Each structure stands twice: as C-alpha cells, then as structure tokens.
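One letter stands for each residue in the lines below.
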2 protein chains.
Amino acid sequence: MSKRLEELQAYLGETAILNRAGELLYWDISTTMPPLGFEGHQEAMTYFSTRAFQRETSEELKSMLSDLLCKKEYEALDDTWKFIVSYMNRDLERKSRVPADFFEEYCNEQAASEFAWREAKQKNDFSIFAPHLEKMIEMTRQNALYMEPEKDPYDTLLDQFEEGMDQATYDRLFGELKKELLPLVDEVTMRDVAVNPLVYATCDTYAQAKVQKILLEYIGFDFEKGAVGETEHPFTMGFSSQDVRVTNHFKENNALDGMFSAIHEGGHAIFDQNVNALFDGTVAHSCENMGIHESQSRFYENILGRNKNFWLPIYGQIQDLLPAYRDLPLDDFMSEVNHVKRSLIRTEADEVTYCLHIIIRYELEKEIFSGHVAVSDLPELWNQKMKDYLGIVPDSDADGILQDMHWSDGSFGYFPSYLLGSIYDGMYIDAMEEELGSIDELLATGQIQKITSWLNEKIHVYGNTRSPKQVIDAICGKEVSAEPLCRYFKKKYLGQ
Amino acid sequence: MSKRLEELQAYLGETAILNRAGELLYWDISTTMPPLGFEGHQEAMTYFSTRAFQRETSEELKSMLSDLLCKKEYEALDDTWKFIVSYMNRDLERKSRVPADFFEEYCNEQAASEFAWREAKQKNDFSIFAPHLEKMIEMTRQNALYMEPEKDPYDTLLDQFEEGMDQATYDRLFGELKKELLPLVDEVTMRDVAVNPLVYATCDTYAQAKVQKILLEYIGFDFEKGAVGETEHPFTMGFSSQDVRVTNHFKENNALDGMFSAIHEGGHAIFDQNVNALFDGTVAHSCENMGIHESQSRFYENILGRNKNFWLPIYGQIQDLLPAYRDLPLDDFMSEVNHVKRSLIRTEADEVTYCLHIIIRYELEKEIFSGHVAVSDLPELWNQKMKDYLGIVPDSDADGILQDMHWSDGSFGYFPSYLLGSIYDGMYIDAMEEELGSIDELLATGQIQKITSWLNEKIHVYGNTRSPKQVIDAICGKEVSAEPLCRYFKKKYLGQ
C-alpha cells in the first residue's frame, strides 16, 4: 500500500473518531440525556463537529487527495479507494467554491430559521417564519450557485439529495403519477370504511416495545449489530455497518403508528447493517442518495408492511403482547392499515395520498425557485393545491405549510426523494417477483428473509458506491418510471 | 480574574470535553451498544482517554498550577479555586513520582490480570489467577511506594480510597464491630425464618423498571438531571451535577434485588446531583472519598430502605405494578429484606453479615501487605476466616476468594471503605434524629424529602471539597466510631 494512502487512512480514522463522538452525543441527547444535561452535551457536540469539519475541509486533506489522484498513485488503488478518493475530491471541490464567511452565515441562519419555524408552528403564525423562509430561499439558492455556477439552482438541490435527478425527470415521473392517482383517490375515498375502534385501543408502551423487537427481528434487523432507543421523532443512525440504531415513539392510543415506524426505520437500518464492512469509516459506507435509502424503508413499510400476508406469520404473537388486539381480527387491522383518506398531515398519510402530499411540495418548490411566487403567497398556494389534489383545506397554517421542518433549514429538494423511493419500489417489485416469485407467497409462507437477502445483495452491500442510475440499471435494466408503482396501486386498491 | 486562571479554566474545559466523550462511550458500551459495535467504540474510548490523560499530566498543566500557587496569584483565588489548584497540584506531584514506564506496565498488567480473573472465576480455578494476583500485589505495593516513599504502602492505599484512613483507625473501628457482631449474628441466625415464596415470584422486568422509577422519585432522584439505563452490573455515573445516571439489572425472579439496587445507586446519584454546580468540570465536583460516597448509597439502601416505614407510603403502588406482590403482605416482604443469614456472596448479603464479609477482606489485605501470607495460601485462609466469622465455607473458589473483581486490578484498600460507609451512617442517624426527630416517624409520614434535604445540605453540596474528617466533624462533632452502628444493629435485630 502506498505511503500516501496509509496517511489518508490514518487521517480518516481519526476524523471518524471525532465524528463518532459527535454522533454519540447526538444519540444520547435524543434518547437518554436528562433535560438539564443539554448544555454540557451541546458544548461537547459543537467541539467535535467543529474539529471534524476542519479536518474534512483542510488543506492537508486536499493535498493527500490530489496526490492520490495522480495517475501513478491512482492506478495502484483498488476500486473502493478509487471511489473514495474521487468522491471526496469532487465533494471538497464543490464545497470549496462556497466562501467561508457565506457558509458560516448560512449555518447561523439555518439555526435561527429552524428556531423561528418551531415558534411559528406552535403559535400557528406564518408571519413569524416568513422572513426566515425568505432568507433561507435566497441563501440556499446562492449556496447552490456557488457550488454549481452553471446549473439551475433547484436542479443542483435535487441532485444533492439524489445524484442525477433534475426537474425534467421529476416532472415526467410525478406527472405520470398525478394523472393516475387523482382519479384513483377520488374513487377509493368514496367508499365507506368502518374503523374497528380496537385498532386505537390503549396499549401499554412497554408492550409496544416488545412488539417492535419482534417486528425488527422478523424483517431481518440484526441485534448483534443494532440497537433501539426512544425519541420524540423516530430516526435511524449508524456509527458503522456494525452498529446501527433505530428509534421510535410509542403512543398509548396508537400502536399502529409505533409498528409502522419500527418497520420503516428497520428498513433504513437493514440497509446500513448490510453495507460492505470494508467501507466503514469512509464516504463509501452510508448511501447518501436519499431516494435509494428511502426506497428501502418504504419497501418494508408499504410494499411489505401494508400487505396482509406480511402479518400472517406474526399477528398471533402481537395479539399475545397487546391484550387489546386479541379481539381485533387481522382483516380489521389491515383495513385500517390500508385506509385511504383525504388528510392534512403528510407523515400520517396512507401510502396513496402520501404521493400527492409530496407532489404538492415539489410543485411549490419549483415555483419558489423559478421565482414565480412570493413567500407571502405561499400559504394560500399551499391551501389551493391541497384543495385541488386532496380535496381538503387545512384550518390553520400549523397543519398546512408549517407542518414540516424541511424548509426551515433550507432542505429544498429533499421532499421529492421520498416519493422517488416509492417509485423505485414499484420497479423493484417487478424485478424481485421475476426472480423470487410472488411476494404474497413469500410473505404468507414466512420467507421474508429471502426478500431481505435479495435487497442485501442487489442494493445494500454497495453502500454509497453506486449511483441511483447504476442501482436501477443493475436491478431493472431500464429507465426509472412511475408506471410500476401506478400498476401496484391500481391492482391493490381498484383490483385492476 | 487572573489571565492564568482563565487559561487554566479553558484548559480544564477542553479536558472535560475529552473525558465526557470517553465516559459517554463507556456508558453507551454498557447500556446500549450492540455486541459487534465494540471494536469501534473501544478504539474511540482509548483515543479520548489517552488524550485526556496526556492533558491531565502535561507540563503545560504543571506550569499553570505552579504559577497559580505563587503567593500573589493564590491569594487572589476564591476558596473553590484554591481547593482545585492545591488538590490538583498535590495529586500531580504524587503521580509524577511514579516512573512513566512503570505506570504503563502497571496498566497493562491490570488489564491482563482482570482478564485472567474472569477466566479463573468462570473455570473455578484459582491457579489461573494466582500469578497475576502475585504481580498485582507486588506492583500495587511498588506504586504506593513511589507515591509515598515514607509511608506503609497499605496505609497509602487506604488513604487513596478514603483520605486520612490508615490501618490503626480501621483496626479500631472493625475490632469494635467484630466484637459486637459475631455474637449478634450467632443469635439472630438461630431463629427460624419462613420465607414467603411470593417475594421471589416472577415479575415482568418492564414492570420492575416502572417500580424503579417510583422508588427513585420517592427518594429524591431528580429526573430533570438524571437518567437510567440497564447493564449487567448496576453502577452510577455522572457527567456533571446536571446529568447523573444510574443503571440496574432486573431479574425476573428477584424483584427485591432490582429494588435495592435502585435505592443504593439512587443514593450515590442523589449525592452527585446535589453537588454545588459551580464545581462541575473540576476535581471539586465528584467526591473521591469512597467511604463518604458509599455512606450515602448505604444510608438509602439500609438505614432507609430496610426500614418498614420507608415502604408504608409506596408499597401499594408497587403492588399495583407487580401482580405477584398483591398477595404479599408488607410484613412478609420486610421479613425477607431483613433476613440475616450466613451466606457466601458479599454482594448478596444482608446488612449485618455484610460487615463480616468486608472485615474478612480487610484482614486478608493486611496480611498480604505485611508479607505474612503467600498467594498460594490465600484460598485456604479465606475459607478459614469464612468458617470463623460466618460459620460456612464455600464449596468452590469461584464462590470464595474469586468472587470479587477488586483485587484483579489492584484495588487493594477499597473494600474497607464500603463498611466505613455504614459506620458513618450509624453516626449520621444520631445527628439527624437530634435535628429532625425520629427517622421512623419521618418515613412513616411520607417526609423522606426532609431526610434527603438534610443530606444535601450537610454532605452533598460540598462535593469533593471537604475531607471525610471535615464532613464527620461538621455533622457529628466527634471522632468516627462504630458504636452508633452497633447500637443500630442491636436495637433493630435484638430489640435492645
């Protein structure tokens, strides 16, 4: 191994240790730390993240990378290190085009804006957030222009969350979907659905934690390299492929919510646990394409978890743990799991109307970045689109434009990747059934591990080293399309 | 504030951040980390503890301290910083007399010895541990001699765990106690005690965790600055007075064990939560006198927790949570809590015979350090003393001399401080009842918070800044004596 590569590895190793400390502090703040412990933990977290950031953007690192990119050095690297060196260099080049003082101001504004958003949401007062949102739009656009001066800023943002994506592609995919879904939602929501109240009966939260354990093991989460915690909002994080954690929030009167969060986060975690362990501690490890990552959590949550066959092998165990569910027939449970309704909140939506929630956000982001809408007009435009696509209008901005935090820290371009994940899922179904046979059959006969192994092998093991296009090409051999997802919805909800 | 003091504070602040990361890694390894996450966490923990140790023994620190000890600088310091600067300097001076290469070897031997002890205990084979124990004795003696060349090494060790203690004092205290306890144990253990089997009935561990929460809140543990976790062996740790954590291990068939661990660790934690917050991040914070610290955990566990009146206000709540306890009368519960029996394992002993377990260890340590016993003769000597003082002999070394880990890492001199804690407790009872009235009465009427406040005010708030002698003088106004503890035992167990 070349001396320069050894130096880079040692350098990355030490940076990874500082990042590990920062991430562990974040984990602990979210899961365990008592309220008054915040100041000390926060100070330490800033210390480590500042030091890690300095190392990640240092001249020393730049010089190591540029040496390793020289023809002779580069050719001696194996494929993994070729990927790592090129990827880091590209990233560093893009970031170094952003002036340091601008970047610092942007970070400060992000924090202030997120803070204002919380207050605005809590007080249901968009005017508190509006000036910050304006600033966030302006600075995020500027940041995108610094990074890619030649490119449409919103395309840069879309690409940042999912390599290779742009407005032209999303327009095509979402257009296709919208055309099919608007009439489908109309038809399905006209049906009368009687909700069995036992679905929302009181369930002990400790018992729900036991149910989570069963669900996670069932789908293939490995507790030898995984752990769980409780937080206000569920999330997944990992230190390496050997230590990946999911959190959940158990609500006494909504056991369904905890179960589906467990399956969703479990899908993210199974991805991270099965990345090639040789990538640990490098940029090759954790897949940074949000659409691809979300395609895994959503595959488990929706394609598998909202399929009755998924529950056949384990529903009895769940009934044992949740006394209130003992008199709840599986069919009544499934009826609520697949209850399509016109609702206001994205994170609580069923798998069908969820798509429309995302399309609304995407269309608004496009309007914002094309400069066709003023911030002050956004709440009304939001409500108008809710009315047009979902047939309901929020009573308050808190349940409308203020519901999500994403825009508050400038994460424009993130929302579309969620729906892209489901579009990928539609395509995986076709490829998977061709190779493994019917998913219904696999689930009903307790062979879910075959599905997990297939995903491990086709997607997870590569971590961050394959672009979304490479992933889809290798699995499906065709261009990404919303047609399979539409077909899945029509079959499931219209019996077509 | 002097420039030099500002520098010292910044220096200590950064060291505290590195220590916080190391401690948080330890916490996470013990409570949450999945098995395969160990390698990454371990590497990071070593990184931070090495860096913190370098800073704690650096020339830079020495020079700051020596500047601040100059008359003019020193006189400008407030009392807290006077304490910190003198304490750190004394500690550094003592440590710098230990040659670095010896210290490194000692650390390595400690790790090897602890590892060998685990294997020896598991295989019930003292010969695996014997050569390591020999080495630990030799090196611990040498280390003590480096630190205090003029002093009897075992006295140095005793002083290290409890400032001001030596063999002469322990001989007096433990002699007094032994004389009273041997006949008392003979008398009490002759009684027939019928154990109600419901005490050891199966109790859901999640329900036990809820019981723990009730107990901790009841005794005064503050969840605003405290948290809990689960580990194999219970412990208490804190990052500062604002974040103190206890762990527990819940056993399905021994709810008693979890309850008393909660009360014991809760006692340690209440101490740390109530130290003056201005001391956070410095040596003034956490009391390093193990006897004083243990006096708090043991006061809660024994003096309060083994008193029937303690349970009157909360036993009903516990019965609500543990269905098996609903038919267990409080008197039957208390009978087992105060069941004095001749048993082999220190950590499972009742409050009376516990004293004899410690006295045995103290007497053996004295023999070891006076050079009067060979390591190979220790198991037999252990068994002989067990026979003489407790009237039973272990079947195996695993339940005999190998039961505790303390000697494996050279912590000779630590055991006596546990019993010293109980001796202090006897003295606190007298002082407390004089000021607050009967403890029985306070407990029975739900006024336990008055007891906690008294301990906060008299002991906790001072953290590490008062020596044990100062603590006892201020509270009791007399020299430490085992007489009050003996009186407490005779009253409780003989009705005298």
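Reading guide: rules and limits
Residues numbered from 1 in each chain as written. Chains lettered and ligands numbered in written order. Predicted model: local features only at pLDDT ≥ 70, side-chain atom pairs only at ≥ 80, totals over all residues. Heavy atoms only, no water. Helix = DSSP H or I, 4+ residues; strand = E, 2+ residues; numbered from the N terminus. Rg over C-alpha atoms; globule rule 2.2 N^0.38 Å. Buried < 20%, exposed > 50% of the residue type's maximum accessible area, 1.4 Å probe, protein only. Contact = heavy atoms within 4.5 Å. Areas by Shrake-Rupley, 256 points an atom, 1.4 Å probe, with all protein chains shown as cover. Lys, Arg positive; Asp, Glu negative; His and termini not counted. Charge placed at Lys NZ, Arg CZ, Asp CG, Glu CD. Buried area = accessible area lost by both parts, 1.4 Å probe. Salt bridge = Lys/Arg side-chain N within 4 Å of Asp/Glu carboxyl O. Expected span 1.5 Å × (residues − 1). Polar contact = N/O pair within 3.5 Å; in protein donor to acceptor, adjacent residues only side chain to side chain. Least-squares fit on C-alpha atoms with pLDDT ≥ 70 in both. Disulfide = S-S within 2.5 Å. Pairing = 2+ DSSP bridges.

Engineer: What am I meant to see in the overall build of chain A here?
Structural biologist: Secondary structure assignment for chain A yields 22 helices and three strands. The C-alpha radius of gyration of chain A comes to 23 Å, within 12% of the 23 Å expected for a compact globule of 496 residues. In chain A, buried positions account for 53% of the 496 residues. Excluding contacts between residues fewer than 6 apart, the proportion of contacts in chain A whose partners are at least 24 apart in sequence is 73%. Of the roughly 21100 Å² of accessible surface on chain A, a fraction of 49% belongs to carbon and sulfur atoms. In chain A, the 48 positive side-chain charges and the 85 negative ones have mean positions that sit 3 Å from each other.

Engineer: How should the interface of chain A and chain B be read in this particular structure?
Structural biologist: A common way to report how large an interface is uses the accessible area buried once the components associate. In this assembly, 35 residues from chain A lie in contact with 35 residues from chain B. For the pair chain A and chain B, the summed buried surface comes to about 2900 Å²; carbon and sulfur atoms form 66% of the total. For the chain A face of the interface with chain B, the top three residues by lost area are Ile17(A), Leu36(A) and Tyr206(A), together amounting to 20%. Here chain A is connected to chain B by four salt bridges. Arg245(B) is the partner of Asp28(A) in a salt bridge, and the nearest nitrogen-oxygen pair spans 2.6 Å. Of all the secondary-structure elements, those providing two or more residues to the side of chain A that touches chain B are helix H1 (3–31), helix H2 (38–56), helix H10 (205–219), strand E1 (226–230) and strand E3 (243–248) of chain A.

Engineer: Quick question: what am I supposed to make of helix H10 (residues 205–219) of chain B here?
Structural biologist: Along an α-helix, a turn takes 3.6 residues, which lines up residues three or four apart on a common side. Residue and element names in this part refer to chain B. The end-to-end C-alpha distance of H10 is 21 Å, a good match for the 21 Å that 15 residues give at a rise of 1.5 Å each. Among the residues of H10, those classed as buried are Ala207, Gln208, Ala209, Val211, Gln212, Ile214, Leu215, Leu216, Tyr218 and Ile219. Where H10 starts, the residue carrying a side-chain oxygen 2.9 Å from the main-chain nitrogen of Tyr206 turns out to be Asp204. Within two residues after H10, Gly220 carries a phi angle of roughly 115 degrees, on the positive side.

Engineer: Help me understand the relation of the copies chain A and chain B, please; the structure alone is not making it clear to me.
Structural biologist: For the pair of chain copies, the relating transformation is a rotation about an axis with a translation along it. Once chain A has been moved 0.0 Å along the axis and rotated by 180 degrees, it coincides with chain B to within an RMSD of 0.0 Å. This pairing of chains is accounted for by a two-fold axis. A share of 100% of interface residues in chain A that are also interface residues in chain B marks the association as one of identical surfaces.

Engineer: Before we go on, may I ask you to explain the state of the cysteines in this structure?
Structural biologist: Structurally, a disulfide amounts to a covalent bond that connects the sulfur atoms of two cysteines. Residues and elements named next belong to chain A. By the definition in use, this model includes zero disulfides over all chains. There is no disulfide at Cys486, and the cysteine sulfur nearest it, in Cys355, is 8.3 Å away. A relative accessible area of 5% means that Cys486 is categorised as buried.

Engineer: What am I meant to see in the pairing of strand E3 (residues 243–248) of chain B here?
Structural biologist: Note on strand geometry: in a regular strand, side chains alternate between the two faces of the sheet. Residue and element names in this part refer to chain B. Within E3, six of the six residues are buried, which leaves it mostly tucked inside the rest of the structure. Burial along E3 is two-sided: the face carrying Asp243, Arg245 and Thr247 and the face carrying Val244, Val246 and Asn248 are both buried. Where strand E1 (residues 226–230) lies against E3, five bridges are found, and the strand directions are parallel. Paired with Val228 across the strands is Val246, a residue of E3. Looking at chain direction, strand E2 (residues 236–240) and E3 are connected through four bridges and run antiparallel. Considered in E3, the bridge of Thr236 is made with Val246.

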